[in-house]
Amino acid sequence: MENEPEVQVRFRIVKKGTIEQWTIGDKTRSLREASCTVSDSFELWELEDMCRVWYHTHPSGLVDRVQFTSYATDFLQLPHGAEEHIERMFLLIDQNNDGVLSFTELSLAMATLARGSLEEKLELGFRLNDLNGDGFISGEEVWKAVHVLWLSGGDDREDAGGANELIKHFLEVADTDGDQRISMDEYKAVALSDSQFLKRMARDSAIVEFTRSPVDHVKQLLDTCDREHTAEGIVSCIKDITHVTRQSRGELLGAETLEGYDMGEVRRCFMSSLANIGSGCIDLALRDMLALIHPPDDMDAMERVFQAFSEAMVLADPKLAKGSVSAVYAGTLAVIRLNVSVHGSGDAEKMSRQDFVSEVRGAFHCDELSTDMLDAMYKRVAKEEIVMGMASVADAVLAELIAQATLSGDRRML
């Protein structure tokens, strides 16, 4: 956010790499009880990034049940009807039972979800579905788990017949001692014998790793999602899989190189897939792109993304801006400045329509976009904000990129 200081985080490493504490602002907090598991699972920079984002989003350092429920339904996309599972997840993460979640508790949960062994993940899955915590999954709890899976698949119909058949089959296979409930050992046995389940676990792990480091793990993601190792395969994979984050998409698209791939072709393929890329309306296509990605927080990478976007717009509509890619690039940055000015939270005077046109003509040195086009873009952006939702680092890099373009009049093509 503009004028908002970046959260400063510093971890202290002791005893052969074990993390005992970190400093956040002027406060020192203990990680001792989680140190072994967490430090074995994450690199130092990963922990620092996680901690920075956590405190940027939750300045108090704590999350209560209401906030966690909102997070689970919005970000994790757990459906309405999964309230018991969300509550159980909260209780499992809240290890000291104080009714709020801390960064230490989050780190422990993420250590299992992101880097835990298959057995650790299975144990967590069992405990999540053991809603009453008695050490067994009853027939009723199986039903509730299946119901959540039904809703997660986008089908809110009460297909009791199909669900009951699935429950019956699961109990017949898993309940080896016939007591109408499933123990931890029975749960592990049936899970490890199910090839589809193991494939899903591998895919979920690949998504987590891709989110942490997109360039290093894109091939693993393609393999586990059965996608071709082509530019089209990469684009379909990162667009179709819901839990691939906007930030990881942006980081991958901004990469200069990726072994075995032409990143220019990957960017062209991604941009050409945007719904409004051929509309001739820079703001509409930009809205489509920013709904899918966070621009990367590296200056050169961000420039590559916006340059590819501009090239794709001209390729789709050669008459746009008289075929000038550099004019579309300038117009793209100008629209972002307009969006921030009109919808930003600062005290600065909001940009008027005339200010916008003058800035495009003057600061951005762009005469190829018609006044009518600029007027239409101003009206649409003023009426509805383009939600960028970028991290503070990316905001700062974008501001610097715009400043360079306006100060130098540089509309270069890469």
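For the structure itself, look to the data block above.
Owing to the predicted nature of the structure, the values given are computational and were not obtained by experimental measurement.

Thresholds applied
- The residue numbers shown here count from 1 along each chain, following its written sequence.
- The predicted nature of this model means local features are confined to residues of pLDDT at least 70 and side-chain atom pairs, given and counted, to a pLDDT of 80 or more, with totals for whole chains, interfaces and linings taken over all residues.
- For the side-chain quantities, the full set of heavy atoms in the structure was used; hydrogens and water were omitted.
- Put simply, DSSP H or I for four residues or longer makes a helix, DSSP E for two residues or longer makes a strand, and each gets a number counted from the N terminus.
- Burial classes: relative accessible area under 20% of the type maximum marks a residue as buried, over 50% as exposed, and values in between as partly exposed (1.4 Å probe, protein chains only).
- By definition, a salt bridge exists where a carboxyl oxygen of Asp or Glu is found within 4 Å of a side-chain nitrogen of Lys or Arg.
- Patches were defined on residues exceeding 30% relative accessible area and lacking a salt bridge, with like-charge contacts within 9 Å and nonpolar side-chain contacts (Val, Leu, Ile, Met, Phe, Trp, Tyr) within 5 Å.
- Note on areas: Shrake-Rupley with a 1.4 Å probe; residue coverage comes only from the protein chains shown.
- By this rule, a helix spans an expected 1.5 Å times one less than how many residues it contains.
- Comment: arc refers to directions from the helix axis out to C-beta atoms.
- Any pair of residues with heavy atoms lying within 4.5 Å of one another is described as a contacting pair.
- Here a pair means two rings of Phe, Tyr or Trp (six-membered ring of Trp) with centres within 6.5 Å. Their orientation is stacked below 30 degrees between planes, edge-to-face above 60, and tilted elsewhere.
- Take the buried residues of types Ala, Val, Leu, Ile, Met, Phe, Trp, Tyr and Cys, join any two whose side-chain atoms come within 4.5 Å, and each joined set is a nonpolar core.
- Under the counting rule used here, the positive set is Lys and Arg, the negative set is Asp and Glu, and His together with the chain ends is not counted.
- Just so you know, the charge point we use is NZ for Lys, CZ for Arg, CG for Asp and CD for Glu.

**Concerning the environment of glutamine 247**
With respect to the secondary-structure elements, glutamine 247 resides in helix 13 (residues 246–253). Residue classification places glutamine 247 among the partly exposed positions, given a relative accessible area of 47%. In this structure, the C-alpha to C-alpha distance between glutamine 247 and arginine 212, residues 35 residues apart in sequence, is 9.7 Å.

**Re the pattern of salt bridges**
Taken as a whole and assessed by the stated rule, the structure comprises twelve salt bridges. Between lysine 144 and glutamate 84 there is a salt bridge, with the nearest N and O atoms lying 2.9 Å from each other. Of this pair, lysine 144 sits in helix 7 (residues 139–152) while glutamate 84 is found in helix 4 (residues 83–93), placing the two residues 60 residues apart along the sequence. By relative accessible area, glutamate 84 is classed as partly exposed at 44%. Linking aspartate 283 and arginine 380 is a salt bridge whose minimum nitrogen-to-oxygen distance equals 2.8 Å. Linking aspartate 283 in helix 15 (residues 282–292) with arginine 380 in helix 19 (residues 371–383), this pair joins segments that are 97 residues apart in sequence.

**Overview of a nonpolar patch on the surface**
Taken together, Leu118, Leu192 and Leu198 make up a surface patch of nonpolar side chains, about 220 Å² in accessible area. Its location among the elements puts leucine 192 in helix 9 (residues 184–192). On the accessibility criterion, leucine 192 (44% relative accessible area) is partly exposed.

**Comments concerning helix 19**
With 13 residues, helix 19 extends 18 Å from end C-alpha to end C-alpha; this agrees with the ideal 18 Å at 1.5 Å per step. Three or more residues of helix 19 are buried, namely Leu374, Asp375, Met377, Tyr378 and Val381. The arc enclosing the buried residues of helix 19, seen along the axis, measures out at 165 degrees, which places them on a common side. Residues of helix 19 that are exposed and point more than 90 degrees away from the buried face comprise Asp372, Lys379 and Lys383. Residues of helix 19 that are buried sit in contact with helix 15, helix 17 (325–343) and helix 18 (353–361).

**Details of the packing of aromatic side chains**
Working definition: an aromatic ring pair is given by the centre-to-centre distance plus the angle between the planes. Tallied over the full model, the rule gives three aromatic pairs. Taking the centre distance of 5.6 Å and the plane angle of 65 degrees together, the rings of phenylalanine 68 and phenylalanine 90 count as edge-to-face. Of this pair, phenylalanine 68 sits in helix 3 (residues 65–74) while phenylalanine 90 sits in helix 4; the two residues are 22 residues apart in sequence, bridging distant segments of the chain. Under the relative-accessibility criterion, phenylalanine 90 is labelled buried at 1%.

**Description of the nonpolar core**
Soluble, globular proteins show a tendency: their nonpolar side chains are buried together. In terms of nonpolar packing, the biggest core is built from 68 residues, with Leu221, Phe270, Met271, Leu286, Met289, Phe309 and Phe356 touching the most fellow members. Dropping the residues within four chain positions of it, methionine 289 is found in contact with Phe270, Met271, Leu274, Val305, Phe306 and Phe309. Core analysis: the next-biggest nonpolar cluster, separate from the first, contains 15 residues, Met50, Cys51, Met89 and Leu101 among them.

**Some remarks on unusual backbone geometry**
Unlike most non-glycine residues, asparagine 97 shows phi in positive territory, near 55 degrees. Summarising the element assignment, asparagine 97 is placed in the loop between helix 4 and helix 5 (103–115). Residue class for asparagine 97 comes out exposed when judged on its relative accessible area of 62%. Although it is not a glycine, histidine 365 sits at a positive phi angle of roughly 55 degrees. Take histidine 365: it is sitting in the loop between helix 18 and helix 19. On the basis of relative accessibility, which here comes to 38%, the residue histidine 365 falls in the partly exposed class.

**Digging into a negative patch on the surface**
Together, Asp216, Glu251, Glu256, Asp297, Asp298 and Asp300 make up a region of like negative charge exposed at the surface. As for its placement among the helices and strands, glutamate 251 is situated in helix 13. Its relative accessible area of 37% is what places glutamate 251 among the partly exposed residues.

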